[in-house]
Amino acid sequence: PSDGHSYRSYGYKNINSYSQSCIDYRWGTFMEAPCTTLTYYKRVKRRRRWTREKKTYRKCTAYTCDTVDCDSDIARKYCPQTCGWCTTLSDELNANFTAFASFLDQLGLDYKLRSPEQRTVFAPDDATFTDFLENSTTVIDYTDIDQWRAHMVDLALYHIVHQRLTTDNIIDGMEVCTSQGTDITFTVDTNGTVFVNNDSEITTPDIDIRNGVVHSINNVLLPPSALTTTWEYLDQSASHTTFFELLENANFTFLDTDGPFTMFAPTNDAFNCSTIDFNALTANQTKDLLNYHIISGNHLSYELFNAYEKETLTEEFSLKFYARYYKLYIKNGPYKSKVKRGNILTSTGIIHVVDAVLRIPGLPSV
């Protein structure tokens, strides 16, 4: 066609520069589906003889922004200005979901909702979200961006799906992955009302925006990081049974109720390879060893690398960090301990899984 676009009906993933910049197609007439295939014969010369050769071409419908149907996908693609398709998800949230929009804006996530990529936002109404921030029942303080920023981002992204999703596309029991990385589950009752994660009802569905859809919900969606404490995570982890047994015997239950704390959790294999004689440890030595694996506050991997050294709950000892080949390491006496999996968020802090038990001086060896 004259504008260089292929002859196919518009799909939301194929947004062109016109809809991105919210200006109408500049060159007057544009060609789009529906198209028909036409046949004609061309006179050609083959081996010194004239013959007819069958040719086909496609003829598509011509449109202008004055004649296009504004309810069509073609209008969204070529005539966003004429048809009033310039509102973004960010504009909609700032107009009607100010509390949630302000939350996204302070985290620097507003740009995602201004981009042309199609997204779906499950936005709590202002009263719901304000009440949640003021009366959260978890240890997490979603108003303290300095201490809980990672958890706040986790919560925000859990309300965003990286695709256009209307209620017509939702069926009972359907699971969809969020931008946070875990799934949300939909339930549809006999009246056609849609619930997210069983307890959040979509009260105002299908607010159609140029770059996506907004659904108003009456409950805040809580990601796994808000529902599981560090204590519960280690208790449920099959890779940390030995470490959790030590924590349980030493009565470190504050990890279930207080925080934030950053935990370095050795795996069962780490304990099997350790030279420490755990059976010979006194109660105070066990407590000091466990405290040596805990730092006060929330610290992501890159923050630990930038800080280089952090004090642990064992007051006289600190941990030193360095990076190699994009992996975070902890100096562990004459040895080193690698962070195998970092930045596991829980409602009482952050867990980093390490491949060796962090050793303090004076412990008995096997």
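The paragraphs below set out a description of the structure included in this document. The structure displayed is predicted, hence computed values, not measured ones.

### Section: the sheet that holds strand β9 (residues 212–217)
Next up, step 1: The mixed open sheet is built from seven strands, whose spatial order is β4-β3-β9-β8-β7-β6-β5. Edge strands, defined here as strands with exactly one partner in the open sheet, are β4 (160–161) and β5 (175–177).
Next up, step 2: Both strand β7 (residues 194–196) and strand β8 (residues 200–209) contribute to a ladder of two bridges, which runs antiparallel. Residue pairing in the sheet places F195 in a bridge with E201 of β8.
Next up, step 3: Lying over the sheet, helix α3 (residues 89–96) contacts β3 (119–124), β8 and β9, oriented at roughly 25 degrees with respect to β9.

### Focus: a negative patch on the surface
Next up, step 1: Residues E309, E311, E315 and E316 make up a contiguous surface patch of negative charge.
Next up, step 2: Turning to its location among the elements, E315 is positioned in the loop between β12 (309–311) and β13 (318–324).

### Quick notes on the packing of α3 against helix α4 (residues 98–106)
Next up, step 1: Following both chains from N to C, one finds α3 and α4 inclined at 125 degrees, their axes separated by 6 Å at the closest point. Of the possible angle classes, the one that applies to α3 and α4 is oblique. On α4, the residues that touch L93, N94, A95 and N96 of α3 are T98, F100, A101 and L104.
Next up, step 2: Residue composition of the contact of α3 with α4, grouped by class: five nonpolar, three polar and no charged.

### Side note on the packing of aromatic side chains
Next up, step 1: Under the counting rule described, the total for this entry stands at 18 aromatic pairs.
Next up, step 2: Here W231 and F244 contribute two aromatic rings whose centre-to-centre distance is 4.7 Å and whose plane-to-plane angle is 65 degrees, an arrangement assigned as edge-to-face. Residue W231 is located in helix α8 (residues 230–236), and its partner F244 is located in helix α9 (residues 241–249); the two are separated by 13 residues in the primary sequence.
Next up, step 3: F244 gets classed as buried once you look at its relative accessible area, which sits at 8%.
Next up, step 4: Aromatic pair F271 and F278: ring centres 5.1 Å apart, planes at 50 degrees, arrangement tilted.
Next up, step 5: In this structure F271 comes out as buried when scored by relative accessible area, which is 8%.
Next up, step 6: These aromatic residues form a ring-pair network of at least three members: F100, F103, F129, F132 and Y142.
Next up, step 7: Lying across the ring of Y41, R52 places its NZ or CZ 4.6 Å from the centre.

### Examining the pairing of strand β15 (residues 335–346)
Every other side chain in a regular strand lies on the same face of the sheet, so the side chains alternate between the two faces.
Next up, step 1: Sheet analysis places strand β14 (residues 327–332) next to β15, joined by four bridges and oriented antiparallel. Paired with Y329 across the two strands is K338, which belongs to β15.
Next up, step 2: As paired elements, β15 and strand β16 (residues 349–354) share five bridges and run antiparallel to each other. In the strand pairing of β16, V339 is matched with V354.
Next up, step 3: In textbook terms, the turn of a hairpin is the stretch between consecutive antiparallel strands, and for β15 and β16 this stretch comprises two residues.

### Quick look at the nonpolar core
Next up, step 1: Membership of the largest hydrophobic core comes to 35 residues, with the highest contact counts inside it found for L247, M263 and F264.
Next up, step 2: When residues no more than four places from it in sequence are discounted, the contact partners of F264 are F243, H293, I295, L304, L319, F321, I330, H352, V354 and L358.
Next up, step 3: Among the nonpolar cores identified, the runner-up in size contains 28 residues, and L89, A99, F103 and L104 belong to it.

### Thoughts on the pairing of β13
Next up, step 1: Pairing analysis gives three bridges linking β12 to β13, with the strands arranged antiparallel. Across the sheet, E309 pairs through a bridge with K320, a residue of β13.
Next up, step 2: As paired elements, β13 and β14 share four bridges and run antiparallel to each other. Of the residues in β14, the one forming a bridge with A323 is L328.
Next up, step 3: Here β13 folds back onto β14 in antiparallel fashion, the turn holding two residues, of which Y325 has a positive phi close to 50 degrees.

### Quick word on unusual backbone geometry
Next up, step 1: Cis geometry marks the peptide bond from A33 to P34; its omega dihedral reads 5 degrees.
Next up, step 2: With respect to the secondary-structure elements, P34 resides in strand β1 (residues 30–46).
Next up, step 3: Residue P260 is bonded to the preceding G259 through a cis peptide linkage, with omega at 5 degrees.
Next up, step 4: Structurally, P260 can be placed in the loop between α9 and β10 (261–266).
Next up, step 5: In this structure, R47 takes a positive phi of about 50 degrees despite not being glycine.
Next up, step 6: Here R47 is to be found in the loop between β1 and β2 (49–63).
Next up, step 7: Non-glycine residue N198 carries a positive phi angle of around 75 degrees.
Next up, step 8: Relative to the helices and strands, N198 is located in the loop between β7 and β8.

Definitions and limits used
Residues numbered from 1 in each chain as written. Predicted model: local features only at pLDDT ≥ 70, side-chain atom pairs only at ≥ 80, totals over all residues. Heavy atoms only, no water. Pairing = 2+ DSSP bridges. Helix = DSSP H or I, 4+ residues; strand = E, 2+ residues; numbered from the N terminus. Contact = heavy atoms within 4.5 Å. Axes fitted to C-alpha atoms, helices over the stretch in contact; angles between N-to-C directions. Patch = residues over 30% accessible without salt bridge, like charges linked within 9 Å, V, L, I, M, F, W, Y side chains within 5 Å. Areas by Shrake-Rupley, 256 points an atom, 1.4 Å probe, with all protein chains shown as cover. Salt bridge = Lys/Arg side-chain N within 4 Å of Asp/Glu carboxyl O. Lys, Arg positive; Asp, Glu negative; His and termini not counted. Charge placed at Lys NZ, Arg CZ, Asp CG, Glu CD. Parallel < 35°, antiparallel > 145°, perpendicular 65-115°, else oblique. Nonpolar A, V, L, I, M, F, W, Y, C, P; charged D, E, K, R; others polar. Phe/Tyr/Trp six-rings, centres within 6.5 Å; stacked < 30°, edge-to-face > 60°. Buried < 20%, exposed > 50% of the residue type's maximum accessible area, 1.4 Å probe, protein only. Lys NZ or Arg CZ within 6 Å of the ring centre and 35° of its normal. Core = buried A, V, L, I, M, F, W, Y, C linked by side-chain atoms within 4.5 Å.

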